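# A look at the structure
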Amino acid sequence: MNTQRILAHFQESAELKMKSANLLAQPISQAIELMFNALSNGNKILACGNGGSAGDSQHFAAELVGRFERERFPLPAIALTTDTSIITAVGNDYSFNEIFSKQVQAFGQAGDILLAISTSGNSGNVLAAVEAALEREMRVVALTGKDGGKIAQMLTDADVHINVPHSRTARIQEVHLVAIHSICDGLDVALFGEEDAN
Ligand SMILES: O=C(CO)[C@@H](O)[C@H](O)[C@H](O)[C@H](O)COP(=O)(O)O
Ligand SMILES: [Zn+2]
């Protein structure tokens, strides 16, 4: 295969990451503050998304419950994408749109955070999860792309919107992962202070 195509993926990804660094540093910093305050108050973080973003939800939860780069106590984060019995039962008996919102209603408490990940900002089950979270007085950190979709219209001033300004799902996801790792690092710094990342 012509390697030009592969080089173009790297080039586009690198360029979008640099552009996003300037645009997203502020909302990412707000997300860290919101999450740190919630965790400090004994609250937890629920995460959801579809496809690649389901993987991102799990990746994030693993880094909080396990660790990111520093040795520390486990932090409470749950990916709502992993329990196939809940997902198939709710999807089968109600609708696929409710697979995350039912779990938000079951596990979410006021002060918890929902990390809602959708590159389009329009996935019905993520929108329903955001709605359920806001109803429960949870705060939302939304990782989106494109124009932010319908999620952008649902968020309040107390929520955080991290929107990657690109049209391509793969590129948006690649920036989401940098944002997620920046949040994990920020939580470690908030807990233990700065030290050089290796
Ligand atoms: O990873 C990819 C594409 O790169 C896909 O699995 C992608 O996540 C799926 O098509 C999702 O259903 C897209 O949903 P969303 O990001 O628009 O909410
Ligand atoms: Zn993907």
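Residues numbered from 1 in each chain as written. Chains lettered and ligands numbered in written order. Predicted model: local features only at pLDDT ≥ 70, side-chain atom pairs only at ≥ 80, totals over all residues. Heavy atoms only, no water.

### Thoughts on the pattern of salt bridges
Inspection of the entire model under this criterion finds eight salt bridges. With a shortest N-O distance of 3.0 Å, Arg171 and Glu12 are connected by a salt bridge. Note that Arg171 is positioned in helix α7 (residues 169-192) and Glu12 in helix α1 (residues 3-40), a separation of 159 residues in sequence. Residue Arg171 is classed as buried on the basis of its relative accessible area, which comes to 4%. We note a salt bridge from Arg171 to Glu174, for which the minimum N-O separation is 2.7 Å. Of the two residues, Arg171 and Glu174 are both situated in helix α7; the distance of three residues between them amounts to about one turn of the helix. Connected through salt bridges with shared partners, the residues Glu12, Arg168, Arg171 and Glu174 form a single ionic network. (Salt bridge = Lys/Arg side-chain N within 4 Å of Asp/Glu carboxyl O. Helix = DSSP H or I, 4+ residues; strand = E, 2+ residues; numbered from the N terminus. Buried < 20%, exposed > 50% of the residue type's maximum accessible area, 1.4 Å probe, protein only.)

### Describing the sheet that holds strand β3 (residues 113-118)
Spatial ordering of the open sheet is given by β2-β1-β3-β4-β5, a layout of five strands whose pairing is parallel. The open sheet terminates on both sides in strands that have one partner only, identified here as β2 (77-79) and β5 (160-164). Each strand axis lies, on average, 15° off the axis of its neighbour in the sheet, ignoring direction. Pairing between strand β4 (residues 139-145) and β5: five bridges, direction parallel. When the bridges of β5 are listed, Thr144 appears paired with Asn163. Against the sheet, α1 engages β1 (45-49), β3, β4 and β5, with an angle of about 160° to β5. Its contacts with the sheet put α7 on β3, β4 and β5, and the angle it makes with β4 is roughly 145°. (Pairing = 2+ DSSP bridges. Axes fitted to C-alpha atoms, helices over the stretch in contact; angles between N-to-C directions. Contact = heavy atoms within 4.5 Å.)

### What about the site of ligand 1?
Looking at ligand 1, the residues that line it are Asn50, Gly51, Gly52, Ser118, Thr119, Ser120, Ser123, Thr169 and Gln173. Within the contact set of ligand 1, an oxygen atom lies 2.5 Å away from a side-chain nitrogen or oxygen of Ser123. In the model, an oxygen atom of ligand 1 is placed 2.9 Å from a nitrogen or oxygen of the Gln173 side chain. Within the complex, the protein chains bury 61% of what would otherwise be the 450 Å² of accessible surface of ligand 1. (Near = heavy atom within 4 Å. Polar contact = N/O pair within 3.5 Å; in protein donor to acceptor, adjacent residues only side chain to side chain. Areas by Shrake-Rupley, 256 points an atom, 1.4 Å probe, with all protein chains shown as cover.)

### Quick notes on the state of the cysteines
Counted under the stated rule, the structure contains zero disulfides. Here Cys48 stays unpaired: no disulfide links it, and the sulfur of Cys184, its closest cysteine neighbor, is 16 Å away. What makes Cys184 buried here is its relative accessible area of 1%. (Disulfide = S-S within 2.5 Å.)

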